[in-house]
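# Survey of secondary and tertiary structure
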Amino acid sequence: MLGAYARDVHATVGEGGGESVAPGPRIGIFGGTFDPVHVGHLVAATWAREALGLDRVLLVVANEPWQKAGTRAVTPAEDRFLMVQAAVAGVTGVEACRMEIDRGGPSYTADTVRELRVATPTARPFVIVGADVAAELATWQQVDELRKAVTLVVVDRGGVGPGEDPPGWHVERLRIPALDISSSQLRDRLAQGRSVDFLIPEPAIRCIRQLNLYAGRR
Ligand code: ATP
Ligand code: MG
């Protein structure tokens, strides 16, 4: 948990790291559909960055969230990317990432981590997930490769029990203020013309209005 964890983060997370080896950048990979992005995502990203001493946290916008396919109409990836970009503008160390959009096809975190490591071989990848997603990792593609390559940061999610640590992963738990909100709930509110003020950052709300997203859609 964060309190205990913050004291010895570098001791617990560090590996090897002989004195002559310059440590690579610590990169947080926080994937999502972000349909739309909301403050739960942003608090998770900024608190993870601070607690784990990450150089950057990438909000990786899924191109095709394959686990949501067929369950509902997903907003076009470019529009979701614009919302995330608007939401994080000016937030230090937190970036909108379009790697999965540019790669095309279904979005698998294992491919994203591999691509990042090719671009920056010294990078230390930290995959950030909420507690609901942590319970589903066994269904992910190429999960054995991913498990060996990353530290998994499991963020508490309001309304979701903490669950067990997924077996075999190097897990760091992060407690954040419980924010019992979801994109699903916010899509409903937007479709009903209700307020999403303070739950979605103002620049992203402007983006939603400009693109006329969610109006009348459930
Ligand atoms: P949806 O209702 O459409 O599934 P969502 O709010 O769960 O939307 P996603 O884009 O599915 O958002 O989630 C991206 C990541 O953010 C996941 O790892 C998820 O667990 C995490 N997350 C989402 N909302 C919160 C929250 N309120 N607190 C902590 N983590 C969250
Ligand atoms: Mg979700």
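Calculation notes
Residues numbered from 1 in each chain as written. Chains lettered and ligands numbered in written order. Predicted model: local features only at pLDDT ≥ 70, side-chain atom pairs only at ≥ 80, totals over all residues. Heavy atoms only, no water. Buried < 20%, exposed > 50% of the residue type's maximum accessible area, 1.4 Å probe, protein only. Helix = DSSP H or I, 4+ residues; strand = E, 2+ residues; numbered from the N terminus. Arc of directions from axis to C-beta. Contact = heavy atoms within 4.5 Å. Pairing = 2+ DSSP bridges. Axes fitted to C-alpha atoms, helices over the stretch in contact; angles between N-to-C directions. Near = heavy atom within 4 Å. Polar contact = N/O pair within 3.5 Å; in protein donor to acceptor, adjacent residues only side chain to side chain. Areas by Shrake-Rupley, 256 points an atom, 1.4 Å probe, with all protein chains shown as cover. Expected span 1.5 Å × (residues − 1). Core = buried A, V, L, I, M, F, W, Y, C linked by side-chain atoms within 4.5 Å. pLDDT = per-residue confidence, 0-100. Salt bridge = Lys/Arg side-chain N within 4 Å of Asp/Glu carboxyl O.

### Examining helix 10 (residues 202-211)
- All of the buried residues along helix 10 are Ala-204, Ile-205, Cys-207 and Ile-208. An end-on view of helix 10 places all buried positions within 155° of arc, on one side of the element. Facing away from the buried side of helix 10 by over 90 degrees, the exposed positions are Arg-209 and Gln-210.
- Against the buried residues of helix 10 lie helix 4 (77-88) and helix 9 (183-191).
- Among the residues trailing helix 10, Asn-212 stands out with phi positive, at a value near 55°.

### Let's talk about the sheet that holds strand 2 (residues 56-61)
- Spatial strand order, 3-2-1-4-5-6: six strands in an open sheet with parallel pairing. The two strands at the open ends of the sheet, each matched to only one other strand, are strand 3 (94-97) and strand 6 (170-174). Along the sheet, successive strands turn relative to each other by an average axial angle of 30°, direction set aside.
- Across five bridges, strand 5 (residues 151-155) lies against strand 6 in parallel orientation. Each residue of the ladder has a partner; that of Val-153, found in strand 6, is Glu-172.
- Sitting on the sheet, helix 3 (residues 39-52) is in contact with strand 1 (26-32), strand 2, strand 3, strand 4 (124-130), strand 5 and strand 6, with an inclination near 115° to strand 6.
- Sheet contacts for helix 6 (residues 109-119): strand 1, strand 2 and strand 4; angle to strand 4, the most-contacted strand, approximately 155°.

### Re the site of ligand 1
- Close contacts around ligand 1 come from 23 residues, with Lys-68, Asp-132, Leu-179, Ser-183 and Ser-184 the closest.
- At 3.0 Å, a backbone N or O of Thr-33 approaches an oxygen atom of ligand 1.
- Here an oxygen atom of ligand 1 sits 2.5 Å away from a polar atom, N or O, in the side chain of Asp-132.
- Computed on the free molecule, ligand 1 has an accessible area of 600 Å², of which 92% lies beneath the protein chains in the complex.

### Description of helix 3
- Under the 1.5 Å per step criterion, the end-to-end length of helix 3 is 19 Å for 14 residues, consistent within 8% with the ideal 20 Å.
- In terms of burial, helix 3 is largely enclosed, as ten of its 14 residues are buried.
- All of the buried residues in helix 3 are Val-39, Gly-40, His-41, Leu-42, Val-43, Ala-44, Ala-45, Ala-48, Ala-51 and Leu-52.
- Within two residues after helix 3, Gly-53 carries a phi angle of roughly 60°, on the positive side.

### A short note on the side chain of His-41
- Among the secondary structure elements, His-41 is positioned in helix 3.
- Filtering out sequence-adjacent residues up to four positions away, His-41 remains in contact with Phe-30, Phe-34, Pro-36 and Ser-183.

### Details of the nonpolar core
- Within the largest apolar cluster, 38 residues are counted, with the highest numbers of intra-cluster contacts made by Val-37, Val-57, Leu-59, Ile-128 and Ile-200.
- The leading source of residues in this core is helix 3, at seven residues.
- Ranked by size, the runner-up nonpolar core spans 23 residues in total, among them Ala-123, Val-143, Leu-152 and Trp-169.

### Quick notes on the confidence of the model for the chain
- With 89% of its residues at a pLDDT of 70 or more, the chain shows a mean pLDDT of 89.
- Ignoring residues within four places in sequence, the model shows residues 1-18, a span with pLDDT below 50, making 27 contacts including any to other chains.

### Points about the pattern of salt bridges
- Here the structure, examined in full by the defined rule, presents twelve salt bridges.
- Of the charged contacts in the structure, one is a salt bridge between Arg-173 and Asp-165, with a shortest N-O distance of 2.8 Å.
- Several salt bridges share partner residues, and in doing so they unite Glu-78, Arg-98 and Asp-102 into one network.

### Remarks on the side chain of Arg-173
- Note on placement: Arg-173 falls in strand 6.
- Among the polar contacts listed, one links the side chain of Arg-173 to the backbone oxygen of Glu-164, at a separation of 3.3 Å.
- A polar contact is formed between the side chain of Arg-173 and the side chain of Asp-165, at a distance of 2.8 Å.

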